[in-house]
Amino acid sequence: MSPAVDASREPLVRVEAIHTYYGKSHILHGVSLEVGHGEVVGLLGRNGVGKSTTLKAIAGLVPPRQGRVLLEGQPISHLPPHKLARLGIGYVPEDRRVFRLLTVMENLRTGLDRHGVTKARKQALLDKVFAYFPVLAERRSQAGGTLSGGEQQMLASARAMMLEPKIILLDEPTEGLMPRMVGQIRQIIEVLHSEQVAVLLVEQNVPLTLEAGQRIYFMEKGEVRHEAPAADLHVGDAVIHQYMGV
Amino acid sequence: MDLGHLIQSIPFDQVLVQTVNGIVTGMILALVASGLTLIFGIMDVVNFAHGELFMLGAYVGVVTLAATGNFWLALVSATLVITLLGALIHVVVLRPLLGRDPLTTILATFGLSLVLQNYALWQFGPVARQIAEPFGGHFQLFYLDYPWYRLLIAGLSGAIIGGLWLFLKYGSYGIWIRATTQDRVMAQAMGIPVPLVLTSVFAIGAGMAAASGVLFGPLVGVNHAMGLDWVLKAFIVVVVGGMGSLGGSIAASIFISLLEAYAALVVSPAQAVIVSFVVLILTLLFRPTGLFVPTPK
């Protein structure tokens, strides 16, 4: 691509007016947003407004029919998902989707066993996630399906970290977890942030999103309708009521 | 004569001979079926052309053996050639059907099996070809001169299946295959090149079928229709063992082959085949997930 593109001044991910469809139903109607390097960005909105689809479009799982997704200034929306993963887009889906019959270690190896990763680098990556999530080290030989919901969320996030991603797309991490586990999710996001990994967080949990995110986008009917710095927003605000119905 | 007398009238040494026969046939069947079950497990494709890959493997063996006189070279070249053919078939026939109704892949592989079978008939003619055993030694098994070769095939099949298991269990690509089997979308999101994995698995399954074709060639002769018997049995085994379960298929292969071997003591071998169908029907009726897999919760 053009050498004039200065990666350092480009946002990490730029989504430009993407439209996606499931069969004939039109889900995203021109979504545009940006995530900076190392930035934690929240994406709020009611159920069914297209938040998860936006993440899937960025990950290449539901390729946009119109519009573009750029990673550090390079268009990527024509690439298959496994190439996007190798370019640094980690995806942690709503239902976590750990490989249930694979052990914790094997789950991590799905992202770790790539070309060009030295043994020492692999060990360093494993040591790092095991230091952040000691419970995964304890359960390394246990099947992923036997972990609790919170542990599965840790595993799904640690697994995405094995790709040494530039951004992790985190889809409703608190979904299906007990309320007291929300602290753990907060910790996972902090870990990612401290590792300079950008996070695009889709959540229904407004307090968590406002606390963890730096900027918030609000979506409605397949479009981004509003954007605000998280610091300017509070749980009871009218804008939150308008877009979340709470 | 009642059943008790019937069983008592069978000499014990015959039972032992049939046990050995059952295990030998079972191991070959396991080699055919494990390729089939691997393919089914990862892509939900019922490969009706599997028997033809077995048959073509045997023919490549025949041709190589005629040219070089070396059985082991024939085994290796048949495996390699059919592995490549498997990859080609996957890319040309099956990859374009990805995500379509499973019926389309059934029809496509069934059509392919007819094409391959008729190609073999056209190319090699209707007369069965022979593959000579690589060595002719025998040992005394009661009243029989039992060929060492048969034990060797059982051992080799076991070794190939064991190698596959180790590869799936510990190899990086093995982990990719198992991850893709469990969740194809998530595997892609983890950077696993899923289209390549699917093609490789189909190719590996094809190569295993070809290897079994060459190994079994000396016992039955090679003809264009030989795949049919085997694929039918392999399907029974895959269903009885639990669709997609490698361990289940191996257990079911030996179980069914032993049952048939014992039944052949009482009835004619042609009638003994009925036993496998009875087992298939009972399995589908009472435990449709398979006999050799844990009860699903």
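Residues numbered from 1 in each chain as written. Chains lettered and ligands numbered in written order. Predicted model: local features only at pLDDT ≥ 70, side-chain atom pairs only at ≥ 80, totals over all residues.

Caption draft 1: Up close: the overall build of chain B. Within chain B one finds 13 helices and 2 strands. Here chain B has a C-alpha radius of gyration of 20 Å; the compact-globule value for 297 residues is 19 Å, and the two agree. Projecting the C-alpha coordinates of chain B onto the three principal axes gives extents of approximately 65 × 55 × 35 Å. In chain B, buried positions account for 46% of the 297 residues. Within chain B, contacts between residues at least 6 apart in sequence are counted, and of these 76% link residues at least 24 apart. (Helix = DSSP H or I, 4+ residues; strand = E, 2+ residues; numbered from the N terminus. Rg over C-alpha atoms; globule rule 2.2 N^0.38 Å. Buried ≥ 20, exposed ≤ 12 C-beta atoms within 10 Å, placed from the backbone. Contact = placed C-beta atoms within 7 Å.)

Caption draft 2: View of the interface of chain A and chain B. With 21 residues of chain A in contact, the opposing surface of chain B contributes 17 residues. At the level of secondary structure, the elements contributing two or more residues to the side of chain A that touches chain B comprise helix H2 (81-87) and helix H3 (104-112) of chain A. Across the side of chain A that touches chain B, the residue classes break down as 10 nonpolar, 3 polar and 8 charged. (Nonpolar A, V, L, I, M, F, W, Y, C, P; charged D, E, K, R; others polar.)

Caption draft 3: Summary view of the sheet that holds strand S4 (residues 66-71) of chain A. Residues and elements named next belong to chain A. Ordered in space as S2-S1-S4-S5, the 4 strands form an open sheet in which the pairing is antiparallel. Only two strands of the sheet have a single partner each, and these edge strands are strand S2 (25-35) and strand S5 (74-75). Where S4 and S5 come together, 2 bridges link them in antiparallel fashion. Along S5, the bridge assignment pairs Leu71 with Gln74. (Pairing = 2+ DSSP bridges.)

Caption draft 4: Just the pairing of strand S8 (residues 198-202) of chain A, in detail. All names here are of chain A. For S8, a buried count of 5 out of 5 residues is recorded, marking the element as mostly surrounded by other parts of the structure. Inspection of the sheet shows strand S3 (residues 40-44) paired to S8 by 4 bridges, in the parallel sense. The residue of S8 that forms the bridge with Val41 is Leu200. Pairing of strand S7 (residues 167-171) with S8, which is carried by 5 bridges, proceeds in the parallel orientation. Within the sheet, the bridge partner assigned to Ile168 lies in S8 and is Val199. You can see the chain leave S7, run along helix H7 (residues 182-194) and come back into S8, and the turn it takes is right-handed. (Right-handed = clockwise from strand over helix to strand, strands pointing away.)

Caption draft 5: Summary view of unusual backbone geometry. Residues and elements named next belong to chain A. Phi at Ala17 is positive, roughly 45°, even though this residue is not glycine. Its location among the elements puts Ala17 in strand S1 (residues 13-22). According to the C-beta neighbour criterion, Ala17 is partly exposed, with 14 such atoms within 10 Å. A positive phi is found at Gln196, a non-glycine position, where the angle reads about 65°. Its place among the elements puts Gln196 in the loop between H7 and S8. Overall, Gln196 belongs to the exposed group, with 10 C-beta atoms counted inside 10 Å.

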